Amino acid sequence: MTDSKTPLIPPGDDITAVLVLDDGTVFWGHGFGREGETVGEVCFNTSMTGYQEILTDPSYAGQIITFTFPHIGNVGTNPEDIETRVSAARGLVIRDDVTEPANFRADSHLNDWADGRGLIGISGIDTRKLTRMIRESGAPNGVIAYNKAGQFNVPALLKQAQDWPGLEGMDLAKEVSRTDTETWNSTRWNIKDGFGEVKKASAHVVAVDYGAKNNILRCLAETGARVTIVPATASFDDIMAHNPDGIFLSNGPGDPAATGEYALPVIEKLIETGLPIFGICLGHQLLALAFGGKTYKMHQGHRGANHPVQDLRTGKVEITSMNHGFSVDGDSLPGDVKISHVSLFDKTVCGIEHTEKPIFSVQQHPEASPGPQDSFYLFDQFMGMIEKRKSAA
């Protein structure tokens, strides 16, 4: 459809949605999912598969996702590919209109599924142009409005986008975290049997939920862990009362420095216990902050399933799944914390490890979902640390 930096009336009778960016850019298109308005940071994801997992990843809280792959919705949706029960992404932007699903696993149309989850979508726009804008100028704030009658107050939508405070300084982990302690024993899915179950656990892992993806928890269970999930605001005493063999710090949304206001005092105490600790995504950033490092807001972030990351310990290159808009400042890390992984796109920090304690973290998503499974060994590395400590006790 058309776009302009001048507020316009819809250019055609078939227009039912509009995307308005905070710089005044207007994209007209076709709405789907839930009617209404949604505001957030507009980012892009380059993955060619897994749109349902992406849309239900809690790390996307506060964001509107632009998919660079044009055929979104073509395999429909199903109840097995959901990464969280809570609301995650605020909206989605796609190029082609959603087609009827063509996949044996589909049980509903993307339009119906999005409507049921309160997701607002817009299709029919030039996502290549929007992606280039984000790459050149950074992720803007924006508003999607879907109205079947095609009636929009563009100036009001523009003001809404400009007034939204943005993700920097925003703590969103509390919005997506579990509020009660839970147990988890489901393992990874396979096409023959579906999801499995832990039969005999060899270790007990307490996972702090800052917005944990289900498949991360499944991967922990796959390695033989009995997993207890605690809320993001759990205290040190709450966590240690479960007598864990290891601690997992989950992924999640928002600014790590804002989440750190209540998370860091807890993590700092956990570090002193000597227990093995493993962090992913936001958990990685929080761990770096607890060590005394710093984080910063990235220009556009990393979001996709084809990101090359090098393990500096071995020289091996892994193709990974990424989803983050903040990064660890490598120069700010203390001497007893080493960089273990780096992005081969821009050399940003993708992994750290303590030189004396069994503690490490990564920025990428080794659970994939969607994406390659090159980094699954990190779960085995974590369990190896737990087993070593238990055998030495």
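Residue positions are given per chain, counted from 1 along the sequence in the order it is written. Given that the model is predicted, a residue must reach a pLDDT of at least 70 before its local features are reported, and side-chain atom pairs must reach 80 or more before they are shown or counted; all residues, however, enter totals for whole chains, interfaces and linings. Just so you know, side-chain values use all the structure's heavy atoms and leave hydrogens and water out.

Peer 1: Can you walk me through the side chain of His-341 in this structure?
Peer 2: Elements are defined by DSSP. Helices are runs of H or I of four residues or more, strands are runs of E of two residues or more, and each kind is numbered from the N terminus. Position of His-341 relative to the elements: it lies in strand 18 (residues 337-343). Taking the relative accessible area as the measure of exposure, His-341 reaches 1% and is therefore buried. Contacts described as polar in this section are N or O atom pairs within 3.5 Å, which, within protein, must combine one atom able to donate a hydrogen with one able to accept it, while residues neighboring in sequence count only if both atoms come from side chains. A distance of 3.1 Å separates the side chain of His-341 from the side chain of Tyr-377, its partner in a polar contact. Relative accessibility decides the category of a residue: with a 1.4 Å probe and only protein chains considered, values under 20% of the type maximum give buried, values over 50% give exposed, and everything between is partly exposed.

Peer 1: Looking at this structure, I do not really get the packing of aromatic side chains. What am I missing?
Peer 2: Only Phe, Tyr and Trp rings are paired, with Trp represented by its six-membered ring, and only when their centres lie within 6.5 Å; those with planes under 30 degrees apart are stacked, over 60 edge-to-face, the remainder tilted. This structure, assessed with the given rule, holds 6 aromatic pairs. Residues Phe-248 and Phe-278 carry aromatic rings whose centres are separated by 5.6 Å and whose planes lie at 70° to one another, so their mutual orientation is edge-to-face. Of this pair, Phe-248 sits in strand 14 (residues 246-249) while Phe-278 sits in strand 15 (residues 277-280), placing them 30 residues apart in sequence. Note on Phe-278 and Phe-360: the rings are 4.5 Å apart at their centroids and 15° apart in plane angle, and the pair reads as stacked. With a gap of 82 residues between them, Phe-278 in strand 15 and Phe-360 in strand 20 (residues 359-362) connect regions that are remote in the sequence. Through a chain of ring-to-ring contacts, the aromatic side chains of Phe-248, Phe-278, Phe-360, Phe-376, Phe-379 and Phe-382 assemble into a single cluster. In this arrangement the basic side chain of Arg-105 is found over the ring face of Trp-189, its NZ or CZ atom lying 4.5 Å from the centre. Just above the ring of Phe-326 sits the side chain of Lys-297; from NZ or CZ to the centre is 5.7 Å. Charge-over-ring placement is defined geometrically: NZ (Lys) or CZ (Arg) within 6 Å of the ring centre, and within 35 degrees of the ring normal.

Peer 1: Mind showing me how you'd approach the sheet that holds strand 12 (residues 203-209) here?
Peer 2: To summarise the sheet geometry, strands pair through backbone hydrogen bonds and adopt either a parallel or an antiparallel arrangement. Between any two strands, pairing holds if DSSP finds at least two bridges. With respect to topology, 10 strands assemble into an open sheet ordered 9-13-12-14-15-20-19-18-16-17, the strand pairing being mixed. The open sheet is flanked by strand 9 (182-184) and strand 17 (317-329), the only strands paired with a single partner. Mean inter-strand twist for the sheet, computed between neighbouring axes without regard to direction, equals 20°. One ladder, built from 11 bridges, connects strand 16 (residues 294-311) with strand 17; its direction is antiparallel. Across the sheet, residue His-302 finds its bridge partner in strand 17, namely His-324. Lines fitted to the C-alpha atoms define the axes, with helices restricted to the stretch that makes contact. Angles between their N-to-C directions range from 0 to 180 degrees.

Peer 1: Quick question: what am I supposed to make of the packing of helix 8 (residues 256-272) against helix 9 (residues 282-290) here?
Peer 2: For any two helices packed against each other, the geometry is given by the interaxial angle and the distance between the axes. Where helix 8 contacts helix 9, the axes come no closer than 8 Å and their chain directions differ by 65°. Between helix 8 and helix 9, the angle is such that the two are roughly perpendicular. For the crossing formed where helix 8 meets helix 9, the hand is right-handed. When helix 8 is examined against helix 9, the residues Pro-256, Ala-257, Thr-259, Gly-260, Ala-263, Leu-264, Ile-267, Glu-268 and Ile-271 are found in contact with a partner set consisting of Leu-282, Gln-285, Leu-286, Leu-287, Leu-289 and Ala-290. Each residue is assigned to one of three groups, with Ala, Val, Leu, Ile, Met, Phe, Trp, Tyr, Cys and Pro labelled nonpolar, Asp, Glu, Lys and Arg labelled charged, and all others, Gly among them, labelled polar. Here the contact of helix 8 with helix 9 is built from residues that sort into 11 nonpolar, 3 polar and 1 charged. Each angle receives one of four descriptions, namely roughly parallel if under 35 degrees, roughly antiparallel if over 145, roughly perpendicular if within 65 to 115, and oblique otherwise. We call a crossing left-handed when the near helix sits turned anticlockwise from the far one by less than a right angle, and right-handed when that turn is clockwise. Should any heavy atoms of two residues lie within 4.5 Å, those residues are considered in contact.

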